[in-house]
Amino acid sequence: MNTPSNDSTSSAETTTLTKSQLFERFLETERRFPSGHVSRPEDVFDFCDAVLNDQSINLTVELPASDDPEWQLEEIIAQITGCVRDLEEILAEFRRFAPKMEDAA
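Keep in mind that this is a model prediction, so the values were computed, not measured. (Residues numbered from 1 in each chain as written. Predicted model: local features only at pLDDT ≥ 70, side-chain atom pairs only at ≥ 80, totals over all residues. Heavy atoms only, no water.)

### What to know about the overall build of the protein
We apply this condition: Per the convention used, a helix needs a DSSP run of H or I reaching at least four residues, while a strand needs a run of E reaching at least two, with both numbered from the N terminus. Partly exposed residues are those whose accessible area sits between 20% and 50% of the maximum for their type, while under 20% is buried and over 50% is exposed, using a 1.4 Å probe and protein chains only. The contact definition used throughout considers only heavy atoms, calling two residues in contact when any of these lie within 4.5 Å. Each accessible area value is a Shrake-Rupley result obtained with a 1.4 Å probe; residue values ignore everything except the protein chains displayed when judging cover.
The secondary structure content of the protein amounts to four helices and two strands. Sequence-ordered secondary structure for the protein, helices as α and strands as β, is α-α-β-β-α-α. Of all 105 residues assigned to the protein, the portion counted as buried reaches 24%. Partitioning the intrachain contacts of the protein with sequence separation of at least 6 by distance along the chain shows that 54% fall at a separation of at least 24. Accessible surface, the protein as shown: approximately 7700 Å² in total, 51% of it carbon and sulfur.

Take a look at the structure:
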């Protein structure tokens, strides 16, 4: 004899999203970042990855050989600071996004 299952916890568990799942959904959204551009967070991650790689080279190769090391260092700092601001904005946006998605689930 089959008896229907009345387990309400299993249905609640299926609608609860993990932080990873929420972040995956967040990555699909578009955001406006402090620098003014609109893009998906993953695009910003790719951009910042490239900036950090470039600035690493600038620190180790370009800066020591620069005719104007003070200016060169200011440029490196400005590039990295811009990425940090965008990443901080992504974190803040995700913290606002996650509760809304949890409530909707």
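### With respect to the pattern of salt bridges
The condition that has to hold: Salt bridge, as used here: a side-chain nitrogen of Lys or Arg that lies within 4 Å of a carboxyl oxygen of Asp or Glu.
Throughout the structure, instances matching the rule amount to three salt bridges. Among the salt bridges present, the one from Arg96 reaches Glu89, with a minimum N-O distance of 3.4 Å. By relative accessible area, which is 21% here, Glu89 ends up partly exposed. With a shortest N-O distance of 2.5 Å, Arg96 and Glu93 are connected by a salt bridge. Taken as a pair, Arg96 and Glu93 lie in helix α4 (residues 69-104) at a separation of three residues, close to a single helical turn. Classification of Arg96 as partly exposed rests on a relative accessible area of 42%.

### Looking at the nonpolar core
Filter applied, for reference: In this text, buried Ala, Val, Leu, Ile, Met, Phe, Trp, Tyr and Cys residues form a nonpolar core when linked through side-chain atoms within 4.5 Å.
Among the nonpolar cores identified, the biggest contains eleven residues, and these are Leu17, Leu22, Phe26, Val44, Cys48, Val51, Cys83, Ile90, Phe94, Phe97 and Ala98. Counting only elements with at least two residues in this core, the list comes to α2 (19-27), α3 (41-65) and α4. In terms of residue count, the dominant contributor to this core is α4 (five residues). Residues contacting Phe94, with those up to four places away along its chain left out, are Lys19, Leu22, Phe23, Phe26 and Pro99.

### Describing the packing of aromatic side chains
The cut-off we apply is this: Ring geometry is summarised as follows: Phe, Tyr and Trp rings, the Trp one being its six-membered ring, pair when their centres sit within 6.5 Å, and such pairs are stacked at plane angles under 30 degrees, edge-to-face over 60 and tilted between the two.
As enumerated under the stated definition, the model contains five aromatic pairs in all. The interplanar angle of 85 degrees and the centroid separation of 5.0 Å between the aromatic rings of Phe23 and Phe94 together place this pair among those described as edge-to-face. Of this pair, Phe23 sits in helix α2 while Phe94 sits in helix α4; the two residues are 71 residues apart in sequence, bridging distant segments of the chain. Phe23 sits in the partly exposed class, given a relative accessible area of 28%.

### Section: the side chain of Thr29
Under the convention used in this document: Two N or O atoms count as a polar contact when they lie within 3.5 Å, although within protein this holds only if one can serve as hydrogen donor and the other as acceptor, and sequence-adjacent residues are included solely when both atoms are side-chain atoms.
By the secondary structure assignment, Thr29 is in the loop between α2 and β1 (31-32). Classification of Thr29 as buried rests on a relative accessible area of 19%. A distance of 2.5 Å separates a polar side-chain atom of Thr29 from the backbone oxygen of Phe26. Not counting residues up to four positions away in its chain, the partners in contact with Thr29 are Ser39, Arg40, Pro41 and Phe97.

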